[in-house]
Amino acid sequence: MAPAKDLTHFLSEESKRRQPSPLKTAFKYFGQPDLIFLGGGLPLSDYFPFNKITVESPAPPFENGIGYAPKEGEAITKTEVLKQKIEDFDVPLSRSLQYGHTGGQPEFLKFVKEHTELFHKPPYDDWDVLATVGNTQAWDAVLRTFCNEGDSILVEQYTFPSSMEAAKSQAVKFIPIPVDAEGILPEKLDEQLAKLEKSQLPKLLYTIPTGHNPTGSSLNKERKQAIYKLSQKYDFLIIEDEPYYFLQMETYTPDASKRDNAPKGKEEFVNALEPSFLSMDVDGRVLRLDSLSKVLAPGTRIGWIVGQPALLMKFFRLHEVSIQNPCGFSSSIVTGLLSRWGNDGYLNWLMGLRAEYTIKRDVAIDAIAASFPKEIIEYVPPVAGMFFTVFIDAARHPKFSTEFDSDPLKVENAIFESSMKKGALMIPGSWFEIAHSFPEKALSNEVDSKIFFRGTYAAVPLDQLKLGLERFGSALKEEFGL
Ligand code: PMP
């Protein structure tokens, strides 16, 4: 395999200005035998009032499901991390709670590298990983590392608002890409890019390829390959924001008696996952943002970026003077747990997640099928993630051309208010829509009468999920006089 291409021409002015902090360079000598280190403001770990952390977790293979709380005497995984190192794979508290290791603790990075090799096999030589505080922070770091004010970025037409707020604060320009139920349409992306002037060409594509937030769509391999080719043709980076990658599910089968949710073998599980952009990245132009938020817990605040070393080094420089490193407790606990489970046990956990989310998705889609008015809605059962969308033809509203001035957004608002009165909240699609920064270059100005609402099956128990959807369906029926 070849090494990554030199893509340092993408770096922002801010990033180019970043130099190693001279003090931080001295830290590499810390711990060297025969050297008395009088160089840094490191408190002695003897004074850390944390001698031992013990965490009890469920144990692989999670036969009773991942939500099962083990009873007294049943198998558990006990993670015990001490101040000084005992197990090879543990991050001792004397180190994790100390300054240093900006790129992440070596034991954590080792686990993550093995995991990345297992699932993505990046096809270039020198790929590496760097710890983050989760994808929110990683995306902010991406913006700072590559974007100057006025640079353009490609985003899906509807996308995660918090990522866009971060981008707006950096004064970047947005080029929204048309999507359908399976995500980005590569041919539309090509058309869009062909229309841009050189100065408007994007530096990067921000995409949520799996279990998209908000649309629930997932990009398949063929589309990803076509998009990757475009990234080479027009020269831009691909940032894959992938918190939902392991929430890929079985496909939805409307007939409940024909559903096959029986556990699959490990190989079958791995092979059923959609290949990532990283897995096709021969140039080193993909930065994959991975997070444990949706697979372990959001409050772990730990994740990682996979990418080429020259670009990761710029993240390292930024982290040195901002986050420093992920939280020490989290580094020790998460690494301790994952190492005890091993990549094999972690695979069992991920398989358990797939089974749980398949059930939740099925309950949500069954409830939509049973209680939403079929005449005016469309939906595609998601194959990954936490979200589903229901498209509604606003033009079918009896007041569309009269009271609502043929404005789909007025219908959206009316549905939102009616469903709130009934006690069900789904998010209006327009809240996620991205305005084109070069409107004259937009593909079409046609007003579509389709609107959508986003819901999630992740956040509530199944009975609440069903009830909420029944309420929303009844609000729709009343609004549309059906
Ligand atoms: N990216 C997307 C697309 C998300 O939906 C979310 C969570 N809602 C995040 C990032 C946040 O991830 P993290 O907790 O890793 O910061």
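Residues numbered from 1 in each chain as written. Predicted model: local features only at pLDDT ≥ 70, side-chain atom pairs only at ≥ 80, totals over all residues.

- As recorded in an unreviewed UniProt entry, the protein chain goes by aromatic-amino-acid transaminase and comes from Komagataella phaffii.
- Quoted straight from UniProt, the Catalytic activity (unreviewed entry) entry for the protein chain says "an aromatic L-alpha-amino acid + 2-oxoglutarate = an aromatic oxo-acid + L-glutamate".
- The record in UniProt for the protein chain states the following under Subcellular location (unreviewed entry): "Cytoplasm". (UniProt positions renumbered as here; feature names shortened; annotations may be inferred.)

1. Section: the sheet that holds strand S14 (residues 427-428)
Here's step 1: Spatially, S12-S13-S15-S14 is the arrangement adopted by the four strands of the open sheet, whose pairing is antiparallel. Two strands in the sheet have a free side with no partner beyond their single neighbour: strand S12 (377-378) and S14.
Here's step 2: Pairing between strand S13 (residues 387-393) and strand S15 (residues 450-456): seven bridges, direction antiparallel. Within S15, the residue paired with phenylalanine 388 across the bridge is glycine 455. (Pairing = 2+ DSSP bridges. Helix = DSSP H or I, 4+ residues; strand = E, 2+ residues; numbered from the N terminus.)

2. Describing unusual backbone geometry
Here's step 1: Cis geometry marks the peptide bond from proline 60 to proline 61, where omega comes out at 5°.
Here's step 2: Within the fold, proline 61 resides in the loop between strand S1 (52-58) and strand S2 (76-82).
Here's step 3: With an omega dihedral of 20°, the bond running from asparagine 213 to proline 214 counts as a cis peptide bond.
Here's step 4: Mapped onto the elements of the fold, proline 214 is located in the loop between strand S8 (202-207) and helix H8 (221-233).

3. A word on the pairing of strand S3 (residues 128-132)
Here's step 1: Burial runs high along S3: five of the five residues are buried.
Here's step 2: Burial along S3 is two-sided: Asp128, Leu130 and Thr132 and Val129 and Ala131, pointing in opposite directions, are all buried.
Here's step 3: As judged from the five bridges shared by S3 and strand S11 (residues 303-307), these two strands associate in the antiparallel manner. Opposite leucine 130, over in S11, you have isoleucine 305 as the bridge partner. (Buried ≥ 20, exposed ≤ 12 C-beta atoms within 10 Å, placed from the backbone.)

4. A word on the domain arrangement of the protein chain
Here's step 1: Considered domain by domain, the protein chain is made up of domain 1 (8-353) and domain 2 (357-479).
Here's step 2: Look at where the C-alpha atoms of domain 1 and domain 2 centre, and you get two points 31 Å apart.
Here's step 3: Facing the 38 residues of domain 1 at the interface are 30 residues of domain 2.
Here's step 4: When contributions to the side of domain 1 that touches domain 2 are tallied by element, the ones reaching two or more residues are strand S4 (152-156), helix H6 (161-169), strand S5 (173-177) and helix H7 (186-194).
Here's step 5: When residues of the side of domain 1 that touches domain 2 are assigned to their parent elements, the largest contribution, four residues, is made by S5.
Here's step 6: Split into classes, the residues belonging to the side of domain 1 that touches domain 2 amount to 17 nonpolar, 15 polar and six charged. (Domains from an automatic or database assignment. Contact = placed C-beta atoms within 7 Å. Nonpolar A, V, L, I, M, F, W, Y, C, P; charged D, E, K, R; others polar.)

5. Concerning the nonpolar core
Here's step 1: Ranked by size, the top nonpolar core spans 99 residues in total, and within it Val142, Ile153, Leu154, Leu204, Ile239, Leu287 and Ile305 carry the most contacts.
Here's step 2: Examining the composition of this core, we find that 16 residues originate from one element, helix H11 (residues 328-371), more than from any other.
Here's step 3: Domain assignment of the residues forming this core places at least three in each of domain 1 (8-353) and domain 2 (357-479). (Core = buried A, V, L, I, M, F, W, Y, C linked by C-beta atoms within 7 Å.)

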